[in-house]
Amino acid sequence: MTRVSAILPERGLADRLSTLFWRRPKLLLLLLISPPLIWLGVVYLGSLAALLLQSFYSIDEFSGVVKEEFTLKTYGELFRAANMDIIIRTLLMSAAVTITSAFVAFPIAYYAARYARGRWKAVFYLGIMLPLWSSYLVKVYAWKLILAKEGIITWAAEGIGAGFLLDTVLSLPWVGGNSLSTSFIGTWLVFVYVWMPFMILPMQASLERVPLSMLEASADLGASRKQTFRTVVLPLAMPGVIAGSIFTFSLTMGDYIIPQIVGTSARFIGQAVYQFQGTAGNIPLAAAFAMVPILIMLVYLALAKRGGAFDAL
């Protein structure tokens, strides 16, 4: 009786690596996540570290040369009246944009989560995402024309006899101007429009997680619609509201294009960073200004995490 033995081909490098990774899955996971982690560490965290280091330098007022010596002098300059005005102005605008976006976005997100089905759900997502696909600069310049003194809003207000109301709004101290396009009101409107999708989507995702059984139970216990909204819907939707506010607040704080095109000549943090590192050449002060939104957002993110906002992202 003849014994027949199977002749296996010689194992190549690919076979040996496949066996190695099959026996050691953690090694495979480490190799897969190493490139993005290295990229994150070198490019993102490295640039933040360089930014932090630059903020502790100072600039010689006579020669304009950066002195690479550790000092808190640059951070002290942030407390000057002019620089504090920039920081406070940016925070107030960010808060106003965030609060307005939350009030406007909530009914839209609630309708999409509770009533939009099938084709209408797709229409909702398309309507929300479509503005994000168009050019950022085109949208801002379009709004500048809309808000201009000869724009459609002024024309419509005068056409219905409400021009005096628009003039009254523009005459308000601190927020008004010659026209909507040269006022803080115009800057606020453009910010709300541009960042609105970033508020709607987390809200809608959070509202979809509210069980219908809880709404039915609230009604069975005799609660009115207002009571159900206040005690059931709003607390459960709050993580989505906070998650959306992370985007609107941080994006408003860091933006420098919208205030440069629409609004007054008063600067925001983004403009200050751009001008100090570019025109003025004061890189340490620009870095110190750039650290302000980062520190604020670190505190904001810590509070948002405690509020469960990351569950709605």
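Residues numbered from 1 in each chain as written. Predicted model: local features only at pLDDT ≥ 70, side-chain atom pairs only at ≥ 80, totals over all residues. Heavy atoms only, no water.

### Notes on the overall build of the protein
Thinking step 1. A tally of helices and strands in the protein yields 14 helices and two strands.
Thinking step 2. Whereas a compact globule of 313 residues would reach a radius of gyration of roughly 20 Å, the protein reaches 27 Å, over 25% beyond that.
Thinking step 3. Along the three orthogonal principal directions, the C-alpha set of the protein runs to about 110 × 75 × 40 Å.
Thinking step 4. Looking at the protein as a whole, 35% of its 313 residues qualify as buried.
Thinking step 5. Here the analysis covers contacts within the protein between residues at least 6 apart in sequence; of these, 69% occur between residues at least 24 apart.
Thinking step 6. As displayed, the protein offers around 19,600 Å² of accessible surface, 69% of which is attributable to carbon and sulfur atoms.
Thinking step 7. In the protein, the 24 positive side-chain charges and the 16 negative ones have mean positions that sit 12 Å from each other. (Helix = DSSP H or I, 4+ residues; strand = E, 2+ residues; numbered from the N terminus. Rg over C-alpha atoms; globule rule 2.2 N^0.38 Å. Buried < 20%, exposed > 50% of the residue type's maximum accessible area, 1.4 Å probe, protein only. Contact = heavy atoms within 4.5 Å. Areas by Shrake-Rupley, 256 points an atom, 1.4 Å probe, with all protein chains shown as cover. Lys, Arg positive; Asp, Glu negative; His and termini not counted. Charge placed at Lys NZ, Arg CZ, Asp CG, Glu CD.)

### Considerations on the packing of aromatic side chains
Thinking step 1. With the rule as written, the count across this model stands at 15 aromatic pairs.
Thinking step 2. Both rings, one in Y110 and one in Y115, keep their centres 6.3 Å apart while their planes meet at 65 degrees; by these two values the pair is edge-to-face.
Thinking step 3. Its relative accessible area of 24% is what places Y110 among the partly exposed residues.
Thinking step 4. Ring centres 5.4 Å apart and planes at 50 degrees place the aromatic pair W143 and Y193 in the tilted group. Pair noted here: W143 is in helix 6 (residues 136–147) and Y193 is in helix 9 (residues 184–208), with a separation of 50 residues, a long-range link.
Thinking step 5. Through a chain of ring-to-ring contacts, three or more aromatic side chains come together here, namely F106, Y110, Y111, Y115 and F229. (Phe/Tyr/Trp six-rings, centres within 6.5 Å; stacked < 30°, edge-to-face > 60°.)

### Points about the side chain of S181
Thinking step 1. With respect to the helices and strands, the residue S181 is situated in the loop between helix 8 (163–170) and helix 9.
Thinking step 2. A distance of 3.0 Å separates the side chain of S181 from the side chain of S179, its partner in a polar contact.
Thinking step 3. Ignoring any residue separated from it by four or fewer positions in sequence, one finds S181 in contact with K144, L147, A148, V262 and G263. (Polar contact = N/O pair within 3.5 Å; in protein donor to acceptor, adjacent residues only side chain to side chain.)

### Details of the nonpolar core
Thinking step 1. Core analysis: the largest hydrophobic core is formed by 40 residues, its most contacted members being F106, V190, I200, M203 and L207.
Thinking step 2. Of all the secondary structure elements, the ones that give two or more residues to this core are helix 4 (81–114), helix 5 (119–133), helix 6, helix 8, helix 9, helix 11 (225–254) and helix 12 (257–261).
Thinking step 3. At 12 residues, the largest contribution of residues to this core is made by helix 9.
Thinking step 4. Setting aside its immediate chain neighbours within four residues, V190 contacts W143, L147, I258 and V262.
Thinking step 5. If you look at the next biggest cluster of nonpolar residues, it comprises 14 residues, including A286, A288, M291 and V292. (Core = buried A, V, L, I, M, F, W, Y, C linked by side-chain atoms within 4.5 Å.)

### Some remarks on the UniProt feature "transmembrane region" (unreviewed entry) in the protein
Thinking step 1. Mapped onto this structure's residue numbering, the UniProt feature "transmembrane region" (unreviewed entry) falls at residues 27–53, 86–110, 122–143, 228–249 and 283–303.
Thinking step 2. Along residues 27–53, the helical share is 100% and the strand share 0%, with 35 Å between the first and last C-alpha atoms.
Thinking step 3. For the annotated span residues 122–143, helix accounts for 91% and strand for 0% of the residues, and the straight-line distance between the end C-alpha atoms is 27 Å. (UniProt positions renumbered as here; feature names shortened; annotations may be inferred.)

### Observations regarding the side chain of T154
Thinking step 1. Within the secondary structure, T154 sits in helix 7 (residues 152–159).
Thinking step 2. Not counting chain neighbours up to four residues away, the residues in contact with T154 comprise A148, K149 and L166.

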